[in-house]
Amino acid sequence: MAGGITDIKKLEYEIYKYSSYSSSYLPENIREDNPTNQTSRWSSNTNSPPQFLVLKLERPAIVTKIKFGKYEKTHVCNLRKFKILGGLEEDRMTQLFEGGLKNDSVPETFNLKHRTNSGELLPIKFLQIVPLLSWGPSFNFCIWYVELLGIEDSIFILSNLRKYNMLREVEIVRLFMKHCRQQGYVKAFSALQEETGVRLEDEKMTELHEILVNKGDFKKTEVVLVDFINSGLMDDYLLRQEYKPHWSLQVTAERESRPGRRGGHQLIIDPLTSTVYLYGGWDGSEDLSDLWSYDMKNNRWTMIHENSELLDGPSPRACHKMVYDTKNSQIFMIGRYLDSASRTEENINSDFYLYNTISKTWCLISNDTAQVGGPQLVYDHQMCIDVDKQTIYVFGGRILEPKNEEETTGDYKYSGLYSYHISTNTWNHILVDCGHPSAASPHVQSIKSRVTHSMLFHHKHRKLYIFGGQRGKDYMTDFLIYNVDSTELTSMTPENVGTDSKNVPQSGFTQRATIDCDKDEIYVLTSLSKEKERRDLNINSFWLFSLIKREWCCVYRSDHSIGENCYLKSQHACSEPCPRYAHQIVYDAVNQVHFLFGGNPGMNSHVRLDDFWMLRLEKPTRENILRYCKYLLRKQEYEEIARKNPLTAISYLQTKLYDIIDHNDPAQLKEFHKLASLLFKSDSTDCETEPTSLLACPLGGSLKPNSQKHANEREPNEDNAKIMRVESPKCPDEADASSMSSLSSECSSSQTARAIPSTSSSYSSRTRKANDQLFELKIRRCLLYNKLVDLLPESLCQPKKNISDFVLL
């Protein structure tokens, strides 16, 4: 076949439309790459939205990448945030990318969405660039150069256009089929399905619709949903839910010994024996050299020894780093901090130690790693171990030297990336620091080193992930990836990193990071800044970075700037650790819990902490979502019974609904009491109102404009998804809920007129009312069905959108 997804080339385009331009900064300028010419750019004449450029390709193409050129220097008009849309028609485009440019002189290339949700290649002819924010907030937008990359082979594109058009036609048919079923056009629905061979949804979902919406068999619907959940059909939805953090203070018996207050210590974990090891640190007066173990199963600390020097071990120290070799049950330790007065020729050496947890013995591997090809004495570095290849990686940190000229000049030296092979006892200098004299050589790979950064090793990806940190007075925001097998160093821009600093962990704050290689997730706890001028930002925040989605998300943020300082309170009175730095955190991937110990609260130079916390990140379980589904079904069944037989409804409320409610939860108990109020509503009132808020409101809990007129006529219910400890779907089918509600209010006119023949005058008012109620009943069940659809895989379900979404009046 001619062409292919690998045949990427530069695509020609013309400037089709633009919002504005300033002076001689014409849109056409972006077609030429002149980084030394300050006038070779497009500049809008205002920063008021909407500003845009629309590019038109010579012919439809698969556009896979976009490259932005830049001026040779940083510029306040560079795009800090923008989005890109694309489509075959200028008035029908979809979003292909959203992000931002770094404010530097290095060109950047971004991957564009070029496949549909079902995986088909997405041809486009128009591409729109929409600036959202410049690096200087009050400045106009500038684009210096744009290059589009992709595939334009005619035969290949024609083939994909046919596939794309067929896909569009199938989706149009499915939308109309959904519309027919919602409106009760049974014959039209059947005829369309038979004529086209297109199925609206999976057979399982059609069966669910028949049982729930048409037959109203709630008992059988529960059985079907139990089967769905047990077979894992809702697992993907559960995985998409956000974590809920739960901190718990690990309190040991008063008579039992435990580590004292400290900061700058080290924690490591042996996941095979569920043991945490703690060594050293600074207690506010002196460095420590004690070694402790913590038994997670029995919640018990044990002092292994108080002074490691007496056992031929390391001297007291802080700001060192350790890793644990699970294959040989060994701890490796390197680095430490020395104050200026202690940095003499005699003790400036970088000693390297090993501790065997089986024999409980120390071993000095090297008195000075700098003498055998390893790093000089460093502190605030990072250390990882590749257990499979028996290799240790050490990166970054400040280099300590006997002469302290850097203390006055601020010209600090930083260490590069080193590897240590355990079995051969050999060091390798992989990447030198960019300030190293050899970094200028074209044959030497370099890296921008730093302190207070994070470095994690993913043993499945075989990669080191490096991010954050500080170099001099510069706060680092880059995200570096080093492939230990190919020795390739790359930079990654997270998908959701734009101008909003709330989307990423704050730079300059002390961060502690862990990784779960099975989940492809990185966790980062940011807390108190070391910088005194930033300590007013007294905030704990816990972040998650998905290596699959390449996105940051904030699991929780807690402001401690108001009120009494946590560290001054009784530890039992706090629900979470107070902000701090010089603390340590480790992750038990087996039990999926974090442990945090000690640190510096930053308020007193002599105060250190000794609190020990466990953090568990929880998501809804199958049991939670089953409880939620049962609640939705039983609530709907109760409402239907209450309309017909209040006495039976009371019994149902006291049994079926009572059993599903957690009566120790005030929110659930409040919702349960509200349900009883339905028994006191009259039939006439029910006919005049829309479906109850559980079903009529979008899942996010807000009312659509067309139902706002009823907002003051009833008390809105709590978000029932939250009540059942399951988050509402992130993309609620608001349009569908809205359309159903509007149909409900019109059921006595248009729908009844359609259902009743021309001899409707012979129908009694009772029959007319019965038809209205029957139609409204189906509306309510249909809305409930749509809620259940949001919990199931999209590939099995009807389209999320409706025909009404595409109709403009």
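Everything that follows concerns the structure shown earlier in this document.
All figures in this text were calculated on a predicted structure; none of them were measured in a lab. (Residues numbered from 1 in each chain as written. Predicted model: local features only at pLDDT ≥ 70, side-chain atom pairs only at ≥ 80, totals over all residues. Heavy atoms only, no water.)

Can you break down the packing of helix α4 (residues 218-230) against helix α7 (residues 622-644) residue by residue, with the values?
Viewed as axis vectors pointing N to C, α4 and α7 meet at an angle of 165°, and their least axial separation amounts to 10 Å. Classified by the interaxial angle, the pair formed by α4 and α7 is roughly antiparallel. Between α4 and α7 the crossing geometry is right-handed. Contacts between α4 and α7 involve Phe 218, Thr 221, Glu 222, Leu 225, Val 226, Ile 229 and Asn 230 from the first element and Arg 622, Ile 625, Leu 626, Cys 629, Lys 630, Leu 633, Arg 634, Gln 636, Glu 637 and Glu 640 from the second. Residues of the contact of α4 with α7, tallied by class, amount to eight nonpolar, three polar and six charged. (Axes fitted to C-alpha atoms, helices over the stretch in contact; angles between N-to-C directions. Helix = DSSP H or I, 4+ residues; strand = E, 2+ residues; numbered from the N terminus. Parallel < 35°, antiparallel > 145°, perpendicular 65-115°, else oblique. Left-handed = near helix turned anticlockwise from the far one by under 90°. Contact = heavy atoms within 4.5 Å. Nonpolar A, V, L, I, M, F, W, Y, C, P; charged D, E, K, R; others polar.)

How would you summarise the sheet that holds strand β35 (residues 539-546) if you had to cite specific residues and measurements?
Pairing is antiparallel in the open sheet, where four strands are placed in the order β33-β34-β35-β36. The sheet terminates laterally at β33 (509-516) and β36 (551-559), the two strands that pair on one side only. Ignoring strand direction, the axes of neighbouring strands in this sheet form an average angle of 20°. In this sheet, strand β34 (residues 521-529) lies alongside β33 in antiparallel orientation, the contact comprising seven bridges. The residue bridging Phe 509 from the neighbouring strand is Ser 529, located in β34. (Pairing = 2+ DSSP bridges.)

Give a detailed account of the side chain of Arg 450, specifying residues and quantitative values.
Along the polypeptide, Arg 450 turns up in the loop between β26 (446-447) and β27 (454-458). Take Arg 450: its relative accessible area is 0%, and that puts it in the buried class. Of note is the side chain of Arg 450, whose polar atom sits 2.8 Å from the backbone oxygen of Lys 448. (Buried < 20%, exposed > 50% of the residue type's maximum accessible area, 1.4 Å probe, protein only. Polar contact = N/O pair within 3.5 Å; in protein donor to acceptor, adjacent residues only side chain to side chain.)

Talk me through the pairing of strand β19 (residues 361-366); I want residue IDs and the actual numbers.
Sheet analysis places strand β18 (residues 352-356) next to β19, joined by five bridges and oriented antiparallel. Bridge assignment links Tyr 353 to a residue of β19, and that residue is Leu 364. Here β18 folds back onto β19, and the loop between the two strands holds four residues, one of which, Lys 360, carries a positive phi near 55°.

Tell me about the environment of Ile 358, and name the residues and values.
Summarising the element assignment, Ile 358 is placed in the loop between β18 and β19. In this structure, the C-alpha to C-alpha distance between Ile 358 and Ser 329, residues 29 residues apart in sequence, is 6.8 Å.

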